[in-house]
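# Chain and residue survey
Take a look at the letters that make up each chain.
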Amino acid sequence: MSTRRDKINPSRTRMLHVDDTTLLNKVARGDRSAFQQLYYRTSGRLLAIAITMLGSRTLAEDLLQDAFVKIWYSADNFDAARGEPLAWMITITRNLAIDRLRQNRLVSNTEDFEASHLPTLKDENQRLADCLQSLESPQRQSIFAAFFQGLTHQEIAARFAEPIGTIKSRVRRGLAALKGCMEG
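This report concerns the structure included in the present document. (Residues numbered from 1 in each chain as written. Predicted model: local features only at pLDDT ≥ 70, side-chain atom pairs only at ≥ 80, totals over all residues. Heavy atoms only, no water.)

### Looking at the packing of helix H9 (residues 153-160) against helix H10 (residues 164-183)
Threshold: Lines fitted to C-alpha atoms define the axes here, with helix axes fitted over just the stretch in contact, and angles between the N-to-C directions of these axes take values from 0 to 180 degrees. Secondary structure is summarised from DSSP: a helix means a run of H or I of at least four residues, a strand means a run of E of at least two, and numbering begins at the N terminus for each. Our angle categories are set so that under 35 degrees counts as roughly parallel, over 145 as roughly antiparallel, 65 to 115 as roughly perpendicular, and the remainder as oblique. In this scheme the handedness of a crossing depends on how the near helix is turned from the far one: anticlockwise by less than a right angle means left-handed, clockwise means right-handed. We call two residues contacting when some pair of their heavy atoms lies within 4.5 Å. The residue classification treats Ala, Val, Leu, Ile, Met, Phe, Trp, Tyr, Cys and Pro as nonpolar and Asp, Glu, Lys and Arg as charged. All others, Gly included, are polar.
Look at H9 against H10: their axes get within 8 Å of each other, and the N-to-C directions meet at 110°. On the basis of the axis angle, H9 is roughly perpendicular to H10. Between H9 and H10 lies a crossing whose hand is right-handed. In contact with His153, Gln154, Ile156, Ala157 and Phe160 of H9, H10 contributes Ile164, Ile167, Lys168 and Val171. Split by residue class, the contact of H9 with H10 holds six nonpolar, two polar and one charged.

### Brief notes about the side chain of serine 142
Quick note on the threshold: Residue burial is assigned from relative accessible area. The probe radius is 1.4 Å, only protein chains are included, and a residue is buried under 20% of its type maximum, exposed over 50%, and partly exposed in between.
Along the chain, serine 142 turns up in helix H8 (residues 137-148). We classify serine 142 as buried; its relative accessible area is 0%. Look past the residues within four positions of serine 142 in its chain and what remains in contact with it is Ile156, Phe160, Ile167, Arg170 and Val171.

### As for H9
For clarity, the threshold we go by: Each direction from the helix axis to a C-beta atom contributes to the arc, which is the arc of those directions.
Among the residues making up H9, those that are buried are Ile156, Ala157, Arg159 and Phe160. The buried residues of H9 occupy an angular sector of 165° when the element is viewed end-on, so they sit on one face. Residues Gln154 and Ala158 are exposed on H9 and point more than 90 degrees away from its buried face. Of the residues trailing H9, alanine 161 is marked for its positive phi of about 55°.

### Focus on the state of the cysteines
Rules: Two cysteine sulfur atoms form a disulfide, by the criterion used here, when they sit within 2.5 Å.
All told, the structure shown has one disulfide when counted by the stated rule. The residue that forms a disulfide with cysteine 131 is cysteine 181, at a sulfur-sulfur distance of 2.0 Å. Negative torsions about the S-S bond denote left-handed disulfides, and the value of about -80° found for cysteine 131 with cysteine 181 makes this one left-handed. Linking cysteine 131 in helix H7 (residues 126-134) with cysteine 181 in helix H10, this pair joins segments that are 50 residues apart in sequence. On the accessibility criterion, cysteine 131 (2% relative accessible area) is buried. Classification of cysteine 181 as partly exposed rests on a relative accessible area of 30%.

### Points about the nonpolar core
Here is the rule: The definition of a nonpolar core used throughout is a set of buried Ala, Val, Leu, Ile, Met, Phe, Trp, Tyr and Cys residues joined through side-chain atoms within 4.5 Å.
Leu24, Leu38, Leu46, Ile71, Trp88 and Met89 are the most contacted members of the largest nonpolar core, which has 24 residues in total. Looking at this core, the elements that each hand over two or more residues are helix H3 (20-28), helix H4 (32-54), helix H5 (57-74) and helix H6 (85-124). Top contributing element to this core by residue count: H4, with seven residues. Apart from residues lying up to four places away in sequence, leucine 38 is in contact with Asp20, Leu23, Leu24, Val27, Ser43, Ile71 and Met89.

### Brief notes about the packing of aromatic side chains
How we decide: Only Phe, Tyr and Trp rings are paired, with Trp represented by its six-membered ring, and only when their centres lie within 6.5 Å; those with planes under 30 degrees apart are stacked, over 60 edge-to-face, the remainder tilted.
A full pass over the atoms with the stated rule returns four aromatic pairs. An aromatic cluster is defined as three or more aromatic residues linked by ring pairs; in this entry it consists of Phe35, Tyr39, Phe68 and Trp72.

### What about the pattern of salt bridges?
Here is the rule: What counts as a salt bridge is simple: a side-chain nitrogen of Lys or Arg found within 4 Å of a carboxyl oxygen of Asp or Glu.
As enumerated under the stated definition, the model contains four salt bridges in all. The residue aspartate 20 makes a salt bridge to arginine 41 at a minimum N-O spacing of 2.8 Å. Of this pair, aspartate 20 sits in helix H3 while arginine 41 sits in helix H4, and the two are 21 residues apart along the sequence. Looking at arginine 41, the relative accessible area reads 22%, which means it is partly exposed. Residue arginine 57 pairs with glutamate 61 through a salt bridge whose shortest N-O separation is 2.9 Å. Here arginine 57 and its partner glutamate 61 are both found in helix H5, four residues apart, which amounts to about one turn of the helix.

See the structure below:
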């Protein structure tokens, strides 16, 4: 006996007993109904993981959409010998969530620095605050990450998605500019 839901979604009944590995292999070949069934089976679990990591259902729903786009385009990269399909999809979702958290932290840290740290510095040392403010934004952000957050050059390069040499140059030039400003 079929349910009302099965009548609405006939592809669900056709693939009800197909395992996730088979579905993912069909998705890799562009099978939209297999993708729909895979979404139907796994989206709840992936959404729960995204909500837990991001702390917001709205952000998690956006991330889930990105995750399934990546799953659609990367399905041919899945290797059943290395693990289960759900674990592979969880990894995609988790990595996207981590990237999103890092982006949000970077924006938040920059805003926090410019909104709250500079007034504190101005109270303690107006000249230093003015000199920091006079730096170009990339130099100021790199110096802040290195000296106020204690990040290494490599960590700063990863955060800003810039080559490590660029970050080292920004810090070096920024410190030279600060020294010149403080002495002048």
